[in-house]
Amino acid sequence: MDTVQDTPRETSQVALNLRVLVIGTMFGIVLVKGQVISWFNIQEMFRFQSAYMYLVIGSAVVVGAISVFLIKRTHARTIDRQEIEIKSKKLNKGTVIGGIMFGLGWAVTGACPGPIYAQIGSGTWLAFVTLGAALVGSYLYALAQPRLPS
Amino acid sequence: MLEWIMQPWPWYVTGPALGLMIPLLLLSTGKSWGISGSFRNINAMCAPRTKLPYLQFDWRSSAWKVILAVGVVIGGFIANYLLSPEPVPFLPDIYFSVKGVLLLSAGGLLIGFGTRYADGCTSGHTLMGLSNLQMTSLIATICFFIGGLIMTWLIMPLLV
């Protein structure tokens, strides 16, 4: 039986954006303080010279997986009592081809998309080049998408 | 405490803190964690009259992806200028050159194209997708690493 307390409430745009902004800020701080945005750390990872990034990614996924498991198991709702639905992504040729392309770019720039933004904030002005190129790359994908194998 | 925050953080703080972003975002907004979708959103915002099907969507309803990215920029600033004894460089000196700009441009193109083609990056696939035990994201993550290994071991020795 639905009580008043169970009725979902609409999240206002302002509230949504504020929450997201705060979480993004926290993420940016962790990326920088954990030096996940360092080209040197990414290179050491791909050269198998340091376990650091593997431990970071591994422990992040463990915490994420436990969280998602608990959210599903308890049918947790958002703070506005909305149901939480996690959509699954389709496996297709893009997963493989696009995934390898991204990996190539990740290693040479030392940054995946989150760290590109964090590098910019950290005053690594060259990261504007990476971001600009990534936006062009994304647009090129939009141009090519109707003709790409999916 | 403050002294401790000012140091670089160890993996057992960094990793779990990154993982906690997933339930924080889910429980506060119901949104699934991801960063590279912001590229598509920015493209669509900048091209309102586009005829490209990939960019014809209501970007206002997913503008939060761009706000999240703005937050990451702000967080990067706070961490490096306010929570560090002195700002740390994150790219090698050799990248501050024409060659470096070309390398970052090529890499950025691959990141933008690749993450959109793969429908996610280390955030949407490796963090969110693996946490949700999705096979697609496991395959994507393996491919990210294959690409990274090819670049690091076969291509970069010729370029850098």
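Cut-offs used in this document
- Residues numbered from 1 in each chain as written.
- Chains lettered and ligands numbered in written order.
- Predicted model: local features only at pLDDT ≥ 70, side-chain atom pairs only at ≥ 80, totals over all residues.
- Heavy atoms only, no water.
- Helix = DSSP H or I, 4+ residues; strand = E, 2+ residues; numbered from the N terminus.
- Rg over C-alpha atoms; globule rule 2.2 N^0.38 Å.
- Buried < 20%, exposed > 50% of the residue type's maximum accessible area, 1.4 Å probe, protein only.
- Contact = heavy atoms within 4.5 Å.
- Areas by Shrake-Rupley, 256 points an atom, 1.4 Å probe, with all protein chains shown as cover.
- Expected span 1.5 Å × (residues − 1).
- 1 Å grid on protein atoms, 1.4 Å probe; cavity = no way out; pocket = protein on both sides within 12 Å on 5 of 7 lines; lining within 4 Å.
- Points joined across faces, edges and corners; volume = space filled by probe spheres on them.
- Nonpolar A, V, L, I, M, F, W, Y, C, P; charged D, E, K, R; others polar.
- Patch = residues over 30% accessible without salt bridge, like charges linked within 9 Å, V, L, I, M, F, W, Y side chains within 5 Å.
- Salt bridge = Lys/Arg side-chain N within 4 Å of Asp/Glu carboxyl O.
- Core = buried A, V, L, I, M, F, W, Y, C linked by side-chain atoms within 4.5 Å.
- pLDDT = per-residue confidence, 0-100.
- Buried area = accessible area lost by both parts, 1.4 Å probe.
- Polar contact = N/O pair within 3.5 Å; in protein donor to acceptor, adjacent residues only side chain to side chain.

**Student:** Would you mind going over the overall build of chain A in detail, with residue names and values included?
**Tutor:** Scanning chain A from N- to C-terminus turns up six helices and zero strands. Put simply, chain A runs from its N terminus to its C terminus through helices and strands in the order α-α-α-α-α-α. Taken over the C-alpha trace, chain A has a radius of gyration of 19 Å; the compact-globule value for 150 residues is 15 Å, which it surpasses by more than 25%. Among the 150 residues that make up chain A, the fraction classed as buried is 52%. Counting contacts in chain A only where the partners sit at least 6 residues apart, residues at least 24 apart contribute 53% of the total. Just so you have it, chain A exposes about 7,100 Å², and 64% of that area is on carbon and sulfur atoms.

**Student:** Give a detailed account of helix 5 (residues 98–117) of chain B, specifying residues and quantitative values.
**Tutor:** The end-to-end C-alpha distance of helix 5 of chain B, which contains 20 residues, comes to 28 Å, matching closely the 28 Å that a straight helix rising 1.5 Å per residue would cover. Residues of helix 5 of chain B that are buried include every one of Gly100(B), Leu103(B), Leu104(B), Gly107(B), Gly108(B), Ile111(B), Gly112(B), Phe113(B), Gly114(B), Thr115(B), Arg116(B) and Tyr117(B), and no others. Buried-residue contacts for helix 5 of chain B involve helix 4 (93–109), helix 5 (113–121) and helix 6 (127–144) of chain A together with helix 3 (37–46) and helix 7 (135–159) of chain B. Two residues or fewer after helix 5 of chain B comes Asp119(B), characterised by a positive phi angle close to 60°.

**Student:** Kindly report on the layout of surface pockets, identifying the contributing residues and their values.
**Tutor:** Taken as a whole, the largest pocket holds about 1,200 Å³ of empty space. Forming the walls of the largest pocket are 44 residues, and the residues nearest its centre are Lys87(A), Lys89(A), Arg40(B), Lys65(B) and Asp119(B). When residues of the lining of the largest pocket are traced back to their parent elements, those giving at least two are helix 4 of chain A together with helix 3, helix 4 (64–82), helix 5 and helix 6 (122–131) of chain B. Of the residues in the lining of the largest pocket, the class split is 14 nonpolar, 20 polar and 10 charged.

**Student:** Before we move on, can you summarise empty space enclosed by the protein with the specific residues and values?
**Tutor:** With the rule as written, the count across this model stands at one cavity of 30 Å³ or more. Counted as a void, the largest cavity has a volume near 180 Å³. Elements that contribute at least two residues to the lining of the largest cavity include exactly helix 1 (13–33), helix 3 (52–73) and helix 5 of chain A together with helix 6 of chain B. The biggest single contributor to the lining of the largest cavity is helix 6 of chain B, with four residues. Looking at the lining of the largest cavity residue by residue, the classes come out as 11 nonpolar, four polar and no charged.

**Student:** Report on unusual backbone geometry, specifying residues and quantitative values.
**Tutor:** All names here are of chain A. Of note in this structure, Gln-35 is not a glycine but carries a positive phi near 55°. Considering the arrangement of structural elements, one finds Gln-35 in the loop between helix 1 and helix 2 (39–46). By relative accessible area, which is 23% here, Gln-35 ends up partly exposed. Unlike most non-glycine residues, Phe-48 shows phi in positive territory, near 55°. Tracing the chain through its elements places Phe-48 in the loop between helix 2 and helix 3. You can call Phe-48 exposed: its relative accessible area is 54%.

**Student:** I'd like a rundown of a nonpolar patch on the surface, residues and numbers included.
**Tutor:** Residues Phe48(A), Met135(B), Leu138(B), Ile142(B), Ile146(B), Ile150(B), Trp153(B) and Leu154(B) make up a contiguous nonpolar surface patch of roughly 790 Å² in combined accessible area. Positionally, Ile146(B) belongs in helix 7.

**Student:** Lay out the nonpolar core in plain terms, naming residues and giving numbers.
**Tutor:** Judged by nonpolar contacts, the single largest core of 74 residues is most densely connected at Phe27(A), Trp106(A), Trp33(B) and Tyr95(B). In contact with Tyr95(B), not counting residues within four places along its chain, are Trp39(A), Val108(A), Leu126(A), Gly100(B), Val101(B), Leu103(B), Leu104(B), Met156(B) and Val160(B).

**Student:** Now, about the confidence of the model for chain B: what can you tell me, with residues and values included?
**Tutor:** Taken residue by residue, chain B gives an average pLDDT of 96. The fraction at 70 or more is 100%. Model confidence for the complex is summarised by a pTM of 0.96, with the ipTM given as 0.97.

**Student:** Hey, could you go over the interface of chain B and chain A for me, with residue numbers and the actual values?
**Tutor:** Chain B puts 109 residues into the contact, and the matching count from chain A is 105 residues. When chain B packs against chain A, close to 9,600 Å² is buried across both sides, 78% of that on carbon and sulfur atoms. Taken as a group, Phe90(B), Phe113(B) and Tyr117(B) account for 9% of the area that chain B buries against chain A, more than any other trio of residues on that side. The tally of links between chain B and chain A comes to zero salt bridges. Summed over the shared surface of chain B and chain A, the result is 32 residue pairs in polar contact (both at pLDDT 80 or more). Elements represented by at least two residues in the side of chain B that touches chain A include exactly helix 1 (2–6), helix 2 (11–29), helix 3, helix 4, helix 5, helix 6 and helix 7 of chain B. Take the side of chain B that touches chain A: its biggest share by element is 17 residues, from helix 2 of chain B. Tallied by class, the residues present in the side of chain B that touches chain A amount to 70 nonpolar, 35 polar and four charged.

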